[in-house]
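Chains, contacts and geometry: an overview
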Amino acid sequence: MIPEEFIKVPEVPSGAFEVPVMPLRDLVVFPSMVIPLFVGRSFSIKAIEEALKGNRLIFLVLQKDKNIEVPTKEELYTVGTVAHIIRSAPIEENRLKLLVQGIKRAKLVDYKQNGDFFTAIVEPVEEVEVESESLSKEIRAYIRSVKEQLDIAVSLGKQIIPDLLMLIKDLEDPGKIADLTASILEIKATEAQKVLETFDPIERLKLVHQLLQSEVGLLEVQSKIRGVAREKIEKEQREYFLRQQLKAILEELGEGDERRAEIEEYRKKLSKLKISKDSKEEIEKQIRRLEKLHPESAEAGVLRTWLEWVLELPWNKSTKDRYDLDKARKVLDRDHYNLEKVKDRIIEYLAVKKLTKGKSHMVQILCFVGPPGVGKTSLGRSIAESLGRKFVRISLGGIRDEAEIRGHRRTYVGAMPGRIIQAIKQVGTKNPLIVLDEVDKLSLSFQGDPAAALLEVLDPEQNKSFVDLYIGLPFDLSDVFFICTANRVDTIPRPLLDRMEVIYLSGYSEEEKVFIAKNHLLPKLLPEHGFKDGQVLFSDDALLEVIRGYTRESGVRNLQRQISTILRKLALKRLKGDSPPFEVKAQDIKAFLGVSKRHVISEEKPMVGIAVGLAWTEVGGEIMLIEATKFKGKGSLILTGSLGDVMKESAQAALSYIKSKAEDYQIDPEVFSQVDVHIHVPEGAVPKDGPSAGITIAVALLSLFTGKEVRTDIAMTGEVTLRGRVLPVGGLKEKILAAKRAGIYEVILPSKNKEEVMEDLPPYVHDKMKLHFVDHLEEVFGIIFNKT
């Protein structure tokens, strides 16, 4: 019980007077406001003790910086409240609890230290009395609005003492309403100080009304948030009870444990995936669908298959790249002979990755183009090993369905992901090396264009979010190292080719094939046929005999088959009692492999109207014999041998040149209108096209009309114009190697191809070959006919 003399509010002097001061850190006390205070600073405790000795008055003023322990006058606001100490009680050592009541505003005139505490000279601010009858409609509206807003605040959960609320509702004085309302608002101390410093009661009421509206707005938002949270909790509780009921039903049916374990397993796998929020929500949605379906329904089976695919994809699993350039070079040299340009390109790629610490996003889609058997696919496997990546090969030959790349939609029966996603799942990492084999043999059909589907897969700007139609979620393919292989580039769609860096792999010379057979093929084939190292010895002459007589190819695949045939026969001999080591010599090859298929054109007798040309095919270089004959007619040109349009035009151009130079070569111009010319290229079932047979056709025609024989120990290639100029052609390394395989060591080539030939051809090949580089047909005719 508080003594009556403590409750009775003392009179505040009308003029300036001195009073003990207690600075407040983060609180403003308004007139008529009753509030408890906790005091801990020693000078404040001394000020309270001094006030209690007298009339129990104390000046409460806000300090500008709450972190200052002993504020000066400049660090205090100039307006505070003279308050009455109702009660004081110690709560612990050096701490007091006060109950004070604000009485009147006062201005701080002077501030000084008085021993252990501070006192102030203050000047009370007299309140302006406003008669209720004189209030305007606007002020009455403000008063009513404040009271209504307080009711709304209480309805939204704000805690206000009921007696205080009733007191405010009974008041009509705008100044007192403003002070009491401000005392219950949750506002910053600076805003409360602004209210305290507003002496005009009308302006003060307007300011408090504004602050009250802002607080009510916040309360409404908080109430809405609580309502949403409550609804969510109620929904989750409802779902929980329903799931418990469903669980009990399933257990009664004997399906509960197994089904629940399956669903929990899916959720456990999903929680471990580091994928986008949208993808995670979609997978969770499908798990919930499966949970509601009957386990034996067809749709449940489709969903299970889809979930197993999605949850087993390596969304965030990858291998760490190795950027050891020396080791990479050793791996490439171990597995492949020569191919220096390709190896250099791979080492350059690794060097960039090492310098950028793996952050380089340079285009890394390589396309190896070359004849079969030169090591395009196996080169990809070696690159994967040198990088430390997983390797997977996808054969694209004959694919005509776009769904093979993009996958099938889940709505179809038997739907499954495309080959890209299948390969990713197979290796279990998101950054494997994928070889797309035979990219030049993709087919277009009514089922879509698979080459067009590959555009997204091979474009580094698009494949960051590749969407397989079956999976239906974006998967990042930007870390995959794609390598394509092809035998030719002219059948690869241009937009697809544009996304790749083409590297050409030429065929092998005889010397290279011997080296590859001894150092790569035999060490691999001997254990496969039951022999140890050193138990079968092939001489170089024996390998050369196999190469020349039985394997007319650019690569070494057929050479591997022929060596395997010999090893199988030796394995049979061993089982019959012969003991190793076995020596294989050149004279033994016929007994192992039968009659040689060698056809040495250079050993044939020179003939009129037949010239030896060189052609490039997707399986390497080939010798091409061109025959020309004439018979009585009307000047027609007949072309046979399954020739393409470009080759037919080359024949027309060659004949036109011979006609234009007839007199120079002592040919009667009249003869051209009296005979028909028939040009034939043997192997008529094989399509042939291209301009590079131009000079060969011209030589055959000149031989035909002059009666001069053409040497068979010389081959030629080059495009011819109507003026007789010889233009450059492609595939020269393969063509020269084809001539060498056929026993021809003299070749006529366009002079504009000289630098390319000298760079690409190994020294041990062009050192044995006699190469003529020409600019005009006159030079070709001179080489061919002046030496016959």
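Throughout what follows, the structure given in this document is the object of discussion. Numbers given for residues are sequential positions, taken from 1 along each chain in its written order. With the structure being a predicted model, the display of local features is reserved for residues of pLDDT at least 70 and the display and counting of side-chain atom pairs for 80 or more, all residues being used for whole-chain, interface and lining totals. Neither water nor hydrogens contribute to the side-chain values; these are computed over all heavy atoms in the structure.

1. A look at the packing of aromatic side chains
Aromatic pairs are defined between Phe, Tyr and Trp rings, using the six-membered ring for Trp, whenever the two ring centres lie within 6.5 Å; interplanar angles under 30 degrees are classed as stacked, those over 60 as edge-to-face, and all others as tilted. Under the definition given, this model contains 7 aromatic pairs. Ring centres of phenylalanine 43 and phenylalanine 118 lie 5.4 Å apart, and the angle between their planes is 90°; this geometry places the pair in the edge-to-face category. In this pair, phenylalanine 43 is assigned in helix α2 (residues 42-53) and phenylalanine 118 in strand β6 (residues 117-124), connecting sequence segments 75 residues apart. Ring centres of tyrosine 665 and phenylalanine 781 lie 5.4 Å apart, and the angle between their planes is 85°; this geometry places the pair in the edge-to-face category. Numbering of helices and strands runs from the N terminus; a helix is a DSSP stretch of H or I covering at least four residues, while a strand is a stretch of E covering at least two.

2. Focus: the sheet that holds strand β12 (residues 481-486)
The strand order across the open sheet formed by 5 strands is β8-β9-β12-β7-β13, and the pairing between neighbours is parallel. Each end of this open sheet is capped by a strand with a single partner; those strands are β8 (391-395) and β13 (501-504). Geometrically, the sheet is characterised by an average inter-axis angle of 25° between neighbouring strands, direction not taken into account. The sheet contact formed by strand β7 (residues 366-369) and β13 spans 4 bridges and is parallel. What sits directly across from phenylalanine 368, in β13, is isoleucine 503. Here, strands pair whenever DSSP counts at least two bridges between them. Angles shown run from 0 to 180 degrees and are taken between the N-to-C directions of axes, each axis being a line fitted to C-alpha atoms and, for helices, limited to the stretch in contact.

3. Focus on unusual backbone geometry
A cis amide bond links proline 580 to the next residue, proline 581, at an omega of 5°. By secondary structure assignment, the location of proline 581 is in the loop between α20 (557-575) and β15 (582-584). One non-glycine residue, serine 32, lies in positive phi territory at about 75°. Take serine 32: it is sitting in the loop between β1 (17-24) and β2 (34-39). Note on exposure labels: buried denotes an accessible area under 20% of the residue type's maximum, exposed denotes more than 50%, and partly exposed covers the range between, all computed with a 1.4 Å probe on protein chains only. Taking relative accessible area as the criterion, serine 32 reaches 37% and is therefore assigned partly exposed. One non-glycine residue with positive phi stands out, namely glutamate 438, at about 55°. Here glutamate 438 lies in the loop between β9 (433-437) and α16 (450-458).

4. Here we look at helix α13 (residues 376-387)
Compared with an ideal rise of 1.5 Å per residue, which puts 12 residues at 16 Å, α13 spans 17 Å between its outermost C-alpha atoms and is within 8% of the ideal. Among the residues of α13, Lys376, Leu379, Gly380, Ser382, Ile383, Ala384, Ser386 and Leu387 are the ones counted as buried. Only heavy atoms enter the contact rule, under which two residues are in contact if any of them lie within 4.5 Å. The inward-facing, buried residues of α13 contact α11 (325-335), α12 (340-355), β7, β8, β9 and β12. Downstream of α13 by one or two residues, glycine 388 has phi in the positive range, about 80°. Given the number of residues in a helix, its expected span is that number minus one, multiplied by 1.5 Å.

5. Considerations on the nonpolar core
In terms of nonpolar packing, the biggest core is built from 71 residues, with Met22, Ile58, Phe59 and Leu60 touching the most fellow members. Element by element, the count of residues in this core is highest for helix α7 (residues 201-253), at 8 residues. Not counting residues up to four positions away in its chain, the partners in contact with isoleucine 58 are Val19, Pro20, Val21, Met22, Ala47, Ile48, Ala51, Thr81, Val82, Ala83 and Ile85. Among buried residues, the Ala, Val, Leu, Ile, Met, Phe, Trp, Tyr and Cys ones that are joined through side-chain atoms within 4.5 Å form a nonpolar core. If you look at the next biggest cluster of nonpolar residues, it comprises 54 residues, including Leu273, Leu307, Ile405 and Ala486.

6. Observations concerning the pairing of β8
Every second residue of β8 is oriented toward a common face, the buried set being Val392 and Ile394 and the non-buried set Phe391, Arg393 and Ser395. In the sheet, β8 pairs with β9 via 5 bridges, with the strands oriented parallel. Opposite serine 395, over in β9, you have aspartate 437 as the bridge partner.

7. Points about the packing of helix α24 (residues 694-706) against helix α28 (residues 777-785)
Running from N to C, α24 and α28 point in directions that differ by 55°, and their axes come no closer than 11 Å. In terms of orientation, α24 lies oblique with respect to α28. Crossing of α24 over α28 shows right-handed handedness. Side by side, α24 and α28 meet where Ile695, Ala698, Val699, Leu702 and Ser703 of the first sit next to Leu777, Val780, Phe781, Ile784 and Phe785 of the second. By the convention adopted, Pro, Cys, Tyr, Trp, Phe, Met, Ile, Leu, Val and Ala count as nonpolar, Lys, Arg, Asp and Glu as charged, and the other residues, Gly among them, as polar. Tallied by class, residues from the contact of α24 with α28 come to 9 nonpolar, 1 polar and no charged. Roughly parallel covers angles under 35 degrees, roughly antiparallel covers those over 145, roughly perpendicular covers 65 to 115, and oblique covers all other angles. Each helix crossing is assigned a hand: it is left-handed if the near helix lies turned anticlockwise from the far helix by less than a right angle, otherwise right-handed if that turn is clockwise.

8. Notes on a negative patch on the surface
Residues form patches when they are more than 30% accessible in relative terms and have no salt bridge. Like charges link within 9 Å. Nonpolar side chains (Val, Leu, Ile, Met, Phe, Trp, Tyr) link within 5 Å. Throughout, the Shrake-Rupley method with a 1.4 Å probe supplies accessible areas, and for residues the shown protein chains are the sole cover considered. Take a side-chain nitrogen of Lys or Arg and a carboxyl oxygen of Asp or Glu: if they are within 4 Å of each other, that pair is a salt bridge. Counted charges follow a simple rule, with Lys and Arg positive, Asp and Glu negative, and His plus the chain ends left uncounted. For charged residues, the charge sits on one atom: NZ in Lys, CZ in Arg, CG in Asp, CD in Glu. Residues Glu663, Asp664, Asp775, Glu778 and Glu779 make up a contiguous surface patch of negative charge. Within the secondary structure layout, glutamate 778 lies in helix α28.

9. As for the environment of proline 762
As for its position among the elements, proline 762 is in the loop between α26 (754-760) and α27 (763-766). According to the relative accessible area criterion, proline 762 is buried, its value standing at 8%. Through-space distance from the C-alpha of proline 762 to that of isoleucine 152 is 95 Å; in sequence the pair is 610 residues apart. Excluding residues that lie within four positions of it along the chain, proline 762 makes contacts with Glu512 and Lys733.

10. What to know about the pattern of salt bridges
For the coordinates displayed, the defined rule picks out 33 salt bridges. The shortest N-O distance in the salt bridge between lysine 112 and glutamate 18 comes to 3.8 Å. Note that lysine 112 is positioned in strand β5 (residues 95-114) and glutamate 18 in strand β1, a separation of 94 residues in sequence. Using a relative accessible area of 40% as the deciding quantity, one classes lysine 112 as partly exposed. For arginine 204, the salt bridge is made with aspartate 179, and the minimal N-O distance between the two is 3.1 Å.

11. Concerning the environment of tryptophan 306
Secondary-structure assignment places tryptophan 306 in helix α10 (residues 298-312). Since its relative accessible area comes to 1%, tryptophan 306 is described here as buried. In sequence terms tryptophan 306 and aspartate 760 are 454 residues apart; their C-alpha atoms lie 51 Å from each other. In this structure tryptophan 306 touches Ile283, Gln286, Arg410, Tyr470, Ile471 and Leu473, once residues within four positions along its chain are discounted.

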